[in-house]
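What follows is the residue order along each chain.
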Amino acid sequence: LYCENGQILHTYPQGKEGSTFTVPKGVLVIGTKSFYSCSLERVVLQEGVKSIGDNALNGFVQTVVIPKSLTTIGESAFSSNTTDIYYAGEEKDWEKISIAEWNPNLENATIHYGGVIATGTFGDDFKWEFKASGELLISGFGRMEDFVRVEDLPWVNSRDKITSVRIGSGITKNTTAKITAQHG
């Protein structure tokens, strides 16, 4: 439930199905107790979110994806269940965020900088990286062959979380349809 022209997420709907929630683009503030008592594996805050209110994610949220645009974190903003935070910026950017003093659960979570969850290589000249935003990036040079079986995908462990695929310009065979057809 949103207010202020959709710029403030006031309350996550109780009983909403699913284990992941992506805050819509245009939301600037995650309000006080927005996810209080919610049980989610993952909450993704889109680029543009500037503030996380007091107790905002203090439910049962395990993983939080935070954009570089964030400037303020309120008191007790995170749950004791929050084990991983994927921050899109670098550590020096994180240090610029105004973080309220009382955040013991934030101190216990592992913060991953740069927003990258998993990386790997395949073939002779190709790299892939899966970002916390759900984007799969594939880079390299030359002809990339299609993957015939799902279990052959180098990113098979992340495939159910992929929301978009970006293939670098150095790849001469565009296999986006094959990759996206097998990612979900």
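Please refer to the structure higher up on the page.
I will try to describe carefully the structure that is included in this document. Worth saying up front: this structure is predicted, and the values here are computed from it rather than measured. (Residues numbered from 1 in each chain as written. Predicted model: local features only at pLDDT ≥ 70, side-chain atom pairs only at ≥ 80, totals over all residues. Heavy atoms only, no water.)

**Digging into the overall build of the protein chain**
Logical step 1: Helix and strand content of the protein chain: three helices and 15 strands.
Logical step 2: Expressed as a percentage of the 184 residues in the protein chain, the buried residues total 40%.
Logical step 3: Nonlocal contacts in the protein chain, meaning residues at least 24 apart in sequence, comprise 35% of its contacts between residues at least 6 apart.
Logical step 4: Accessible surface for the protein chain amounts to roughly 9900 Å². Of this, 47% is attributable to carbon and sulfur atoms.
Logical step 5: In the protein chain, 17 positive and 22 negative side-chain charges are present, and the distance between their average locations comes to 7 Å. (Helix = DSSP H or I, 4+ residues; strand = E, 2+ residues; numbered from the N terminus. Buried < 20%, exposed > 50% of the residue type's maximum accessible area, 1.4 Å probe, protein only. Contact = heavy atoms within 4.5 Å. Areas by Shrake-Rupley, 256 points an atom, 1.4 Å probe, with all protein chains shown as cover. Lys, Arg positive; Asp, Glu negative; His and termini not counted. Charge placed at Lys NZ, Arg CZ, Asp CG, Glu CD.)

**Some remarks on the pattern of salt bridges**
Logical step 1: Throughout the structure, instances matching the rule amount to four salt bridges.
Logical step 2: The partner of Asp152 in a salt bridge is Arg149, with the nearest N and O atoms 2.9 Å apart.
Logical step 3: What makes Asp152 partly exposed here is its relative accessible area of 35%.
Logical step 4: Connected through shared salt-bridge partners, Arg149, Glu151 and Asp152 make up one network. (Salt bridge = Lys/Arg side-chain N within 4 Å of Asp/Glu carboxyl O.)

**Focus on the sheet that holds strand S11 (residues 110-113)**
Logical step 1: The sheet built from five strands is open, its strands ordered S3-S5-S7-S9-S11 with parallel pairing. Only two strands of the sheet have a single neighbouring strand rather than two, namely strand S3 (20-22) and S11. Geometrically, the sheet is characterised by an average inter-axis angle of 20° between neighbouring strands, direction not taken into account. (Pairing = 2+ DSSP bridges. Axes fitted to C-alpha atoms, helices over the stretch in contact; angles between N-to-C directions.)

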